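# Observations on the model geometry
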Amino acid sequence: MSETKEKCIELRGIVKKYFIGTPNELAALDGVDIDIYDGEFVAIVGASGSGKSTLMNIIGALDRPTEGHYSLDGVDVSAAKDDELSAIRNRKIGFVFQTYNLISKTNALKNVEMPMLYAGIPAKQRVERAKLLLEEVGMGERMKHLPEELSGGQKQRVAIARAMSNDPSIILADEPTGALDSKTGRMVMDIFHKLNKEQHKTVILITHSPELAEETDRIISIKDGKITGERKGSGKAVEA
Amino acid sequence: MMLFLENIRLAFSSLKANKMRSLLTMLGIIIGISSVIAIVTVGNSLASSLSDSMTSIGANNITVYLTLKEEKDETTEEGYIFKSTNNAGVGSKVMDEELLTDEMIREFKAAYPDEVYAISANQTVVSSGTSTVGKNSAAVNVIGISAGYFVEKNIKTSAGRIFNADEMIEGKMLALVSEKYANKLYDSPEDVIGETLVVDGEGKDYTFTVVGVYKTDGSAGSLTALMGMGNQATDVYIPLKAAQSITHTETYASFSVVINSGVDVNKFVDEAKSFFSAYYRNNRTIMVDAYSLASLADEMNSLMNKLTMGISVIAGIALLVGGIGVMNIMLVSITERTREIGTRKALGAPNSSIRTQFIVEAVVICLIGGLIGVLGGIGLGALIVKIMKGVATPSVSSIIGSLLFSMGIGVFFGYYPANKAAKMDPIEALRYE
């Protein structure tokens, strides 16, 4: 299936070291090669300290590798400057965090508008699109609510709408259900499946949960900064 | 631009979230700006009442007066103003024969026929006398005045008339009283015309016939009152000759010269001074000095400028402290909002937009502080001016200047924290607890 599709992410020999040149030098990633194709639903699984967060930061263009080559949609990300990385994050990647990271004191609508604001989209278009996205995730009734007035599941749905605002090709979700109960977690996972199936978004799920990983097309395991395995998943949502 | 408006909106919402903290932060700015605006308002009001006085009294007057030689050196600028405005400058140390005489004045007029328009001399006959009509009485000073006095003080009658030339020359026992006097002791100014005025001065009675009532609408302006120049309301004017016949003296410690328009006032002050100094060349204790209202105004202005400068320094320190306060609170705010900054960066905010966001926030704090300061300053200034019985005239340029300066403080003290925020590592910032 994936052979017929375009490669969107190519990681080659990625090394990320911390405390370089000190006795505490640490290689969080030690020669990682990964290919991810358009429209794939991929899980990256590993225990804490395995290097999966570092890998997420690099895939998300939040950080540059110490060594190796990262190409995203044919663009060399490993050599990009700060503001180029900002633009890549803004247009190509939709982040969904475990702790939602909504801007407090700012309502749901404004939160969803924010990436479009940095993309320079005019106010009228921003509002229209943000409303549409919030309706898609079932938050149309609570657009004017502040994050503190929303439940965890509602916050995460706003965060997903925000991730979608600049119509990125990749959704990068870091433990998106980690802070949710199983029922709302299920709902969030269903949204990812829907985005993957209906809008053909590439979804990268970073998780420590084997059950969640099992729902994806492909499961990449990481341990001690190295890829330890790769296998196919069911690709199907678990029936609640 | 879009982002800029959004940043202003963000700044307001963050201020609203921390109302008390924002207000305390603004305090330094508020105090600094309001003190500047207050002092400028007061200064402007003084300056405008000064120029009102100049036009009503006339800038074309110079006053020649006697002063003690050794005293000259230690006379301060303020003392100079107050001392020279009354005739008691030389006090009792002057012998009668040393005073300025009618003879000198006549020679002066002859020497400068083109410059001198009129001479205004006066002689106090009775100070703190009383005049009683029926049950009511009023405190009065009886002052003999020359014809030039009417010109110099711009005296207008509201009833009756002023003295004519013959009456002045003959020194008839006639009197002009003030409106205040007339209204206090009679029903209306008209009623007092032709009445006999008896003044009880230190046991002696002086009798005059009232020919006119002069206006006391404060034409001399608030400055005159402020500087303690005369008390017109209780002054009773009589012809100078009449005064001389009572006091048996024809000498003065000071007099004023009304000069023709077109004459350089400051230059003529020096000429008049050197003319009269010739009479006192050999006098060891006394010398002649002269001033004009114009030079007085200059001194007043320079005094005001010094005061303004002094207060500006204090205001500057308040603004500096205020600015540091803003910087401090911005640093706190940025630390508190580390995760927000991380999130914004993750979602694609370039460093420059984070920097702008926090600079705008600092500028908004300072600008609001500046606005409150301007309003407070206008209020405070108006209050001070009201106490001084002037008219408050806030200066538009100083208001605009203050607001621009507040913004400048915001940019200057906001830059460092904003830059710190802009340079945060997004990963660290997102992880911040």
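Residues numbered from 1 in each chain as written. Chains lettered and ligands numbered in written order. Predicted model: local features only at pLDDT ≥ 70, side-chain atom pairs only at ≥ 80, totals over all residues. Heavy atoms only, no water.

### Here's the deal with the overall build of chain A
Put simply, the rule is: Secondary structure elements are defined from DSSP: runs of H or I of at least 4 residues count as helices, runs of E of at least 2 residues count as strands, and each element is numbered from the N terminus. Every radius of gyration here is taken over C-alpha atoms, with the globule rule written as 2.2 Å times N^0.38, N being the number of residues. Burial classification: accessible surface area is computed with a 1.4 Å probe over protein chains only, and a residue below 20% of its type maximum counts as buried, one above 50% as exposed, and the rest as partly exposed. Here a residue-residue contact requires only that any non-hydrogen atoms of the pair lie within 4.5 Å. Reported accessibility uses the Shrake-Rupley method at a 1.4 Å probe radius. Residues are deemed covered only where the shown protein chains occlude them. Charge convention: Lys and Arg are scored as positive, Asp and Glu as negative, and His as well as the terminal groups of each chain are ignored. Charge positions are represented by NZ for Lys, CZ for Arg, CG for Asp and CD for Glu.
Helix and strand counts for chain A stand at seven helices and ten strands. Relative to a compact globule of 240 residues, whose C-alpha radius of gyration would be 18 Å, chain A shows 18 Å and is just as compact. In chain A, which comprises 240 residues, the share counted as buried stands at 54%. Taking the intrachain contacts of chain A between residues at least 6 apart in sequence as the baseline, contacts between residues at least 24 apart amount to 67%. Surface exposure of chain A reaches about 10,700 Å², of which carbon and sulfur atoms provide 50%. With 33 positive and 36 negative side-chain charges, chain A shows a spacing of 4 Å between the two charge centroids.

### Concerning helix α12 (residues 265–277) of chain B
Residue and element names in this part refer to chain B. Threshold: The span one expects for a helix is its residue count, reduced by one, times 1.5 Å. Think of it as the arc spanned by the lines of direction from the helix axis to the C-beta atoms.
Given a rise of 1.5 Å per residue, 13 residues ought to cover 18 Å, and the 18 Å separating the end C-alpha atoms of α12 matches this to within 8%. Taken together, the buried positions of α12 are occupied by Val265, Phe268, Val269, Ala272, Phe275 and Phe276. Within α12, the buried residues cover an arc of 130° as seen down the axis, which keeps them to one side.

### Things to note about the domain arrangement of chain B
Applied cut-off: Boundary definitions for the domains trace back to an automatic or database domain assignment.
By the assigned domains, chain B splits into domain 1 (2–54 + 298–431) and domain 2 (100–252). Centre-to-centre, using C-alpha coordinates, domain 1 of chain B lies 56 Å away from domain 2 of chain B.

### Re the interface of chain B and chain A
Rules: Summed over both partners, the accessible area lost on bringing two parts together, with a 1.4 Å probe, is the buried area. One speaks of a salt bridge when a side-chain nitrogen belonging to Lys or Arg is within 4 Å of a carboxyl oxygen belonging to Asp or Glu. Think of a polar contact as two N or O atoms within 3.5 Å of one another; within protein, one of them needs to be a possible hydrogen donor and the other a possible acceptor, and neighboring residues in sequence only count if both atoms come from side chains. Each residue gets one of three labels, nonpolar for Ala, Val, Leu, Ile, Met, Phe, Trp, Tyr, Cys and Pro, charged for Asp, Glu, Lys and Arg, and polar for the others, Gly among them.
The partner chain A presents 25 residues to the 22 residues of chain B that form the contact. Between chain B and chain A, a total of about 2,100 Å² is buried, with carbon and sulfur atoms accounting for 61% of that surface. Residue Glu6 of chain B is joined to Lys110 of chain A by a salt bridge in which the shortest nitrogen-to-oxygen separation is 4.0 Å. Our enumeration of links across chain B and chain A arrives at seven residue pairs in polar contact (both at pLDDT 80 or more). Those elements that place two or more of their residues in the side of chain B that touches chain A are α1 (2–17), α14 (338–346), α15 (351–387) and α17 (426–431) of chain B. In the side of chain B that touches chain A, the residues fall into ten nonpolar, five polar and seven charged.

### Notes on empty space enclosed by the protein
Note the threshold: Here a cavity means grid points, on a 1 Å grid over the protein atoms only, where a 1.4 Å probe fits yet cannot get out; a pocket means an open set of points with protein on both sides within 12 Å along at least five of seven lines; lining residues are those with an atom within 4 Å of a point. Grid points are joined across faces, edges and corners, and a volume is the space filled by probe spheres set on the points.
Applying the stated criterion across every chain, the model contains seven cavities of 30 Å³ or more. Taken as a whole, the largest cavity spans an internal volume of roughly 90 Å³. In terms of lining, the largest cavity is formed by Ile103, Thr106, Lys110, Glu113, Met114, Leu117 and Arg126 of chain A together with Glu6, Arg9, Leu10 and Arg344 of chain B. Mapped onto the lining of the largest cavity, the elements with two or more residues apiece are α3 (108–118) of chain A together with α1 of chain B. Counted by class, the lining of the largest cavity contains four nonpolar, one polar and six charged residues. Of the volumes computed, that of the second largest cavity is approximately 80 Å³. Looking at the second largest cavity, the residues that line it are Ser14, Leu15, Asn18, Arg21, Ser22, Thr25, Ile329, Met330, Ser333, Glu361 and Ile365 of chain B. Looking at the lining of the second largest cavity, the elements with two or more residues in it are α1, α2 (19–57), α13 (293–336) and α15 of chain B.

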